[in-house]
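Residue-level structural notes
What follows is the residue order along each chain.
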Amino acid sequence: AVAIGADAGLTSQGNDSVALGFGAGKSLQGPSSVAIGANSGSGQGGDNVAVGFGAGDNQQAGAVAIGSNAGASSQSFDAVSIGIGAGASRQGRSAVAIGAFAAAVGQAANSIVVNATGYPLDNEATGSCKIAPIRDREIDEDPDEDEFLTPGHVLLYDNATQEVIKDASGFLTA
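A separate point is the overall build of the protein. Per the secondary structure count, the protein includes zero helices and 17 strands. In the protein, the proportion of contacts linking residues at least 24 apart, taken out of those at least 6 apart, comes to 4%.

Have a look at this one:
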């Protein structure tokens, strides 16, 4: 184990772990974990990555948090959060949050949030995907550009919830 910085790897730093920065991996840093940045990576379960100020505190095994306060509290097994404040609190198992404030306050297991709005976007529905923003297709766009479209599944976007939904029927209804 390697610890560089005041209070880095202070108590219970696991084998093959790295803690760089003030208070990085300060307590209960699991084996084969990496914590880089002030106050990052305390309470890592093992095989974790936490990079950024306050990133990855209380991570379950296999979680990755990159960005200031990404995965800051209660990041579950195999969850990934990338961006400032992404997956900051209550990120579920195998959840993915990308972008500033993506799933900042809560994210269900096996869900995806991609956020480029600059505002928090959460996802409490297991097995779902939220993306914001998504460009509207202009009515007057060149119809020849649609030649690549083939029959099959249609992606629907709910403006109210920012959720992307697959419709296998191939029919659009109002």
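Summed over the entire model, instances satisfying the criterion amount to one salt bridge. With a shortest N-O distance of 3.4 Å, Arg 90 and Glu 124 are connected by a salt bridge. Placement of the pair is Arg 90 in strand E10 (residues 89-91) and Glu 124 in the loop between strand E14 (121-123) and strand E15 (129-132), with a sequence separation of 34 residues. The partly exposed category is assigned to Arg 90, whose relative accessible area is 44%. Its relative accessible area of 52% is what places Glu 124 among the exposed residues.

On to the nonpolar core. In this structure, Ala 86, Ala 97, Ala 102, Ala 103, Val 113, Leu 121 and Ala 132 together form the largest nonpolar core, which totals seven residues. Setting aside anything within four residues of it in sequence, one finds Val 113 in contact with Val 96, Ala 97, Ile 98, Ala 102, Ala 103, Gln 107, Leu 121, Asp 122, Asn 123 and Lys 130.

What follows covers the pairing of E15. Side chains Lys 130 and Ala 132 project from E15 onto a buried face, and the interleaved Cys 129 and Ile 131 project onto a face without burial. Bridge count for strand E13 (residues 112-115) against E15 is four bridges, and the pairing is parallel. Residue pairing in the sheet places Val 113 in a bridge with Lys 130 of E15. With two bridges connecting them, E15 and strand E17 (residues 163-167) associate as antiparallel partners. Along E17, the bridge assignment pairs Cys 129 with Val 164.

In this section: unusual backbone geometry. Most peptide bonds adopt trans geometry, and most residues besides glycine take a negative phi value. The peptide bond linking Ala 132 to Pro 133 adopts the cis configuration, its omega dihedral lying at -5°. Tracing the sequence through the fold places Pro 133 in the loop between E15 and strand E16 (154-158). Unusually for a residue other than glycine, Asn 39 sits at a positive phi of about 55°. Structurally, Asn 39 is set in the loop between strand E5 (34-36) and strand E6 (49-51). With relative accessibility at 30%, the residue Asn 39 sits in the partly exposed group. Unusually for a residue other than glycine, Ala 103 sits at a positive phi of about 50°. In this structure, Ala 103 sits in strand E12 (residues 102-107).

With that settled, the discussion passes to the sheet that holds strand E9 (residues 80-82). For sheets, the rule is that strands pair by backbone hydrogen bonds, running either parallel or antiparallel. Taken together, eleven strands build an open sheet; the order of strands is E1-E3-E5-E6-E7-E9-E11-E13-E15-E17-E16 and the sheet is mixed. The sheet is open, and its two borders are formed by strand E1 (2-4) and E16, each paired with just one other strand. Averaged over neighbouring strand pairs, the angle between their axes works out to 10° when direction is ignored. Summarising the sheet, strand E11 (residues 96-98) and E13 pair through three bridges and their orientation is parallel.

Quick look at the side chain of Ser 128 now. Within the element layout of this structure, Ser 128 appears in the loop between E14 and E15. Residue Ser 128 is classed as buried on the basis of its relative accessible area of 8%. Reaching out from Ser 128, the side chain makes a polar contact with the side chain of Asn 123 at a distance of 2.9 Å. Filtering out sequence-adjacent residues up to four positions away, Ser 128 remains in contact with Asn 110, Ser 111, Ile 112, Asn 123 and Glu 163.

Conventions used here
- Numbers given for residues are sequential positions, taken from 1 along each chain in its written order.
- A pLDDT threshold of at least 70 governs which residues receive local features in this predicted model, and a stricter bar of 80 or more applies before side-chain atom pairs are shown or counted, although totals over entire chains, interfaces and linings include all residues.
- Excluded from the side-chain calculations are hydrogens and water; all other atoms, namely the structure's heavy atoms, are used.
- In this text, helices come from DSSP runs of H or I with a minimum length of four residues, and strands from runs of E with a minimum of two, each type numbered from the N-terminal end.
- Whether two residues are in contact is decided by their heavy atoms: any pair within 4.5 Å suffices.
- Here, a salt bridge means any side-chain nitrogen of Lys or Arg that lies within 4 Å of a carboxyl oxygen of Asp or Glu.
- Remark: exposure states derive from per-residue accessible area (1.4 Å probe, protein chains only) relative to the maximum for the residue type, with buried under 20%, exposed over 50%, and partly exposed in between.
- We call a set of buried residues a nonpolar core when its members are Ala, Val, Leu, Ile, Met, Phe, Trp, Tyr or Cys and they connect through side-chain atoms within 4.5 Å of each other.
- What makes two strands pair is DSSP finding at least two bridges between them.
- Axis lines are fitted to C-alpha atoms, over the contacting stretch for helices. Their N-to-C directions set the angle, which ranges from 0 to 180 degrees.
- Between N or O atoms, a polar contact is any pair within 3.5 Å; within protein, one atom must be a potential hydrogen donor and the other a potential acceptor, and residues adjacent in sequence are included only when both atoms are from side chains.

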